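# Chains, contacts and geometry: an overview
Okay, here's what each chain looks like letter by letter:
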Amino acid sequence: MNDSAAFSRWNNFSHLYIERGAADYPLTRHIRDRFAKARVVEIDDYKAVFARPRQRFQAQKASMKLILAVKKDRFLYEGSGNSQNFSYDEFYYNTLMFNCVYNCEYCYLQGMYPSANIVVFVNLEDYFTATREGMRGRSNPAQPLYLCISYDTDLLAFESVVPYCRAWIEFAREEPDLLVEIRTKSAAYQNIKDLPPADRVILAWTLSPEPVAARYEHGAAPLRRRLEAVQSAIEDGWPVRLCFDPVLAVPSWESMYGELVDEVVRRIDPAAVRDVTVGVFRMAKDHFQRMKRQRRDTPFLYDGYVQEGSTVTYPAERREAITTFMRRRLGDHFKEEQIVPWT
């Protein structure tokens, strides 16, 4: 199922669960107007719905509900060691939403959250305030605060429902000490195409071979459409990042990912790309174990992983083989300083 089919499935939420404290926010009114036919259920706290015990994540994916809430704290999180910081000392992410409209089999969210329903936090100004405070308090004033806003979700895929990307783009224009990354597997660039490019916002596309995308990235856009979106963003002048991450050690991975690189450079000028990332599958141990208990329908989770500290990943020899292969293939087309591997 491609992203158009996925969109039609969740684009008509049957229920809106709204915290009483969230009712008067402009974003709440916007979403209520967007889903005027949905049944509205008032709640005191989103956790009463989202954190109920004994929920079935995959069953809920077939009929996700939308929960509108006010985030009370933790508007900035320090970046995880499982993510690339691109050598920025102040590396953070935020959680504007819980969960994602897509259903990638390797996604840690299904081991992180008890529910597949989507939570949208509507108090956007509190996030902006916390980000300004983070910028003022950064330890290295020579560098901007680097902020990933689509770390735990795919905001661009959901932009037609919740216009968070454009809000953060306009915010970043006014903040010279901020650098924002928006990462996506969607082809939904048209949702922000009317905006002039912002040099402090990086649009980042995760790219996978088409067989991998079709098998494991349920609902996400096919490779062809992602590359069309990438090309459109480049032509409009946006800083663009390409993410070959995670590279999955599926059968014939060398030929599939080699063909992926060839397809990318046939359609995208490497010199027009800000940088490319390379990373292998890795996940926090606790998330992996919970996910494995829930997902007995995929052989992907039984692929000879090892635990190193608190991370589950491939054995070192396989990681090194994948990284070396990808750096070599990408190095045929991209400059060395453009290639940023996860280690």
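Before going into details, it helps to say that this report is about the structure given with it. Computed from a predicted structure; not experimentally measured.

## Here we look at the overall build of the protein
Each helix and strand in the protein was counted, giving twelve helices and 18 strands. Radius of gyration (C-alpha) of the protein: 20 Å, near the 20 Å computed for a compact globule of 343 residues. Each principal axis of the C-alpha distribution contributes one length, and for the protein these read about 55 × 45 × 35 Å. In the protein, buried positions account for 58% of the 343 residues. For the protein, the share of sequence-separated contacts (at least 6 apart) that also reach a separation of at least 24 residues comes to 76%.

## Some details on the layout of surface pockets
Summary: where empty space remains is shown by rolling a probe the size of a single water molecule over the atoms. By volume, the largest pocket is sized at about 990 Å³. Lining the largest pocket we find 42 residues, and of these Ser83, Cys107, Tyr108, Tyr151 and Asp152 sit closest to its centre. Secondary structure elements with two or more residues in the lining of the largest pocket: helix H4 (57-61), strand E7 (103-104), helix H5 (109-112), strand E9 (145-148), strand E10 (178-184), strand E13 (240-247) and strand E15 (282-284). Grouping the constituent residues of the lining of the largest pocket by class yields 21 nonpolar, 13 polar and eight charged.

## Regarding the environment of Arg52
Turning to its location among the elements, Arg52 is positioned in the loop between helix H3 (47-50) and H4. Taking the C-alpha atoms as reference points, Arg52 and Val122, separated by 70 residues in sequence, lie 21 Å from one another. The residues contacting Arg52, other than those within four sequence positions of it, are Lys47, Gln60 and Pro114. Polar contacts involving the side chain of Arg52 include one to the main-chain carbonyl oxygen of Val49, which spans 3.2 Å.

## As for the environment of Leu223
As for its position among the elements, Leu223 is in helix H9 (residues 223-236). We classify Leu223 as buried; its relative accessible area is 8%. As for Leu223 and Thr206, which are separated by 17 residues in sequence, their C-alpha atoms are 9.4 Å apart. Among residues more than four places away in sequence, those in contact with Leu223 are Leu207, Ser208, Glu210, Leu260 and Glu263.

## With respect to the pairing of E13
Of all eight residues that make up E13, eight are buried, and the element is covered over most of its length. Bridge analysis of strand E11 (residues 201-206) against E13 gives four bridges, and the strand direction is parallel. What sits directly across from Thr206, in E13, is Cys243. Relative to strand E14 (residues 275-280), E13 is paired through five bridges, and the arrangement is parallel. Within the sheet, the bridge partner assigned to Leu242 lies in E14 and is Val276. Taken together, E13, helix H10 (residues 253-267) and E14 constitute a β-α-β crossover, and its handedness is right-handed.

## Some details on the state of the cysteines
Within the structure shown, the criterion is met by zero disulfides. In this model Cys104 remains outside any disulfide bridge; the closest cysteine sulfur is found in Cys107, 6.1 Å from its own. On the accessibility criterion, Cys104 (6% relative accessible area) is buried.

## Regarding the sheet that holds strand E3 (residues 66-69)
What the five strands build is an open sheet, ordered E2-E1-E3-E8-E6; its pairing is mixed. This sheet does not close on itself; its edge strands, each paired only once, are strand E2 (39-43) and strand E6 (97-98). Note that strand E1 (residues 15-19) and E3 share three bridges and pair parallel. Bridge pairing in E3 links Tyr17 to Ile67. The sheet strands contacting helix H2 (residues 26-34) are E1, E2, E3 and strand E8 (118-121), and the helix crosses E1 at an angle near 165°.

## Some thoughts on the sheet that holds E13
One open sheet accounts for eight strands, arranged E4-E5-E9-E10-E11-E13-E14-E18; its pairing is mixed. Two strands close off the open sheet at either side, each with one partner strand: strand E4 (77-78) and strand E18 (339-341). Its contacts with the sheet put helix H7 (residues 164-173) on E9, E10 and E11, and the angle it makes with E10 is roughly 160°. Together, E13, E14 and E18 form the strand contacts of helix H12 (residues 316-331), whose direction differs from that of E14 by roughly 160°.

Calculation rules
Residue indices begin from 1 for each chain and proceed along its sequence in written order. Local features are withheld for residues below a pLDDT of 70 in this predicted model, meaning they are given only at 70 or higher, and side-chain atom pairs are given and counted only at 80 or more; totals for whole chains, interfaces and linings count all residues. Each side-chain value is derived from all of the structure's non-hydrogen atoms; neither hydrogens nor water enter the calculation. Segments assigned H or I by DSSP are reported as helices when at least four residues long, segments assigned E as strands when at least two residues long, and all are numbered from the N terminus. Computation of the radius of gyration draws on C-alpha atoms alone. For the globule rule, the value is 2.2 Å times the number of residues to the power 0.38. Only protein chains enter the accessibility calculation, which uses a 1.4 Å probe; a residue is then buried when its area is under 20% of its type maximum, exposed when over 50%, and partly exposed in between. We call two residues contacting when some pair of their heavy atoms lies within 4.5 Å. Cavity and pocket criteria rest on a 1 Å grid covering protein atoms alone: a 1.4 Å probe that fits but cannot get out defines a cavity, protein on both sides within 12 Å along at least 5 of 7 lines defines an open pocket, and an atom within 4 Å of a point defines a lining residue. Grid points are joined across faces, edges and corners, and a volume is the space filled by probe spheres set on the points. Amino acids are sorted into nonpolar (Ala, Val, Leu, Ile, Met, Phe, Trp, Tyr, Cys and Pro), charged (Asp, Glu, Lys and Arg) and polar (every other residue, Gly among them). Here a polar contact is recorded for every N or O atom pair within 3.5 Å, except that within protein the pair must consist of a potential hydrogen donor and a potential acceptor, and residues adjacent in sequence are included only if both atoms are side-chain atoms. Pairing between two strands requires that DSSP report at least two bridges joining them. Handedness of a crossover: with both strands directed away from the viewer, a clockwise path from the first strand across the helix to the second marks it as right-handed. In this description, the term disulfide denotes a pair of cysteine sulfurs within 2.5 Å. Axis definition: a line fitted to C-alpha atoms, limited for helices to the stretch in contact. Angles are taken between N-to-C directions and run from 0 to 180 degrees.

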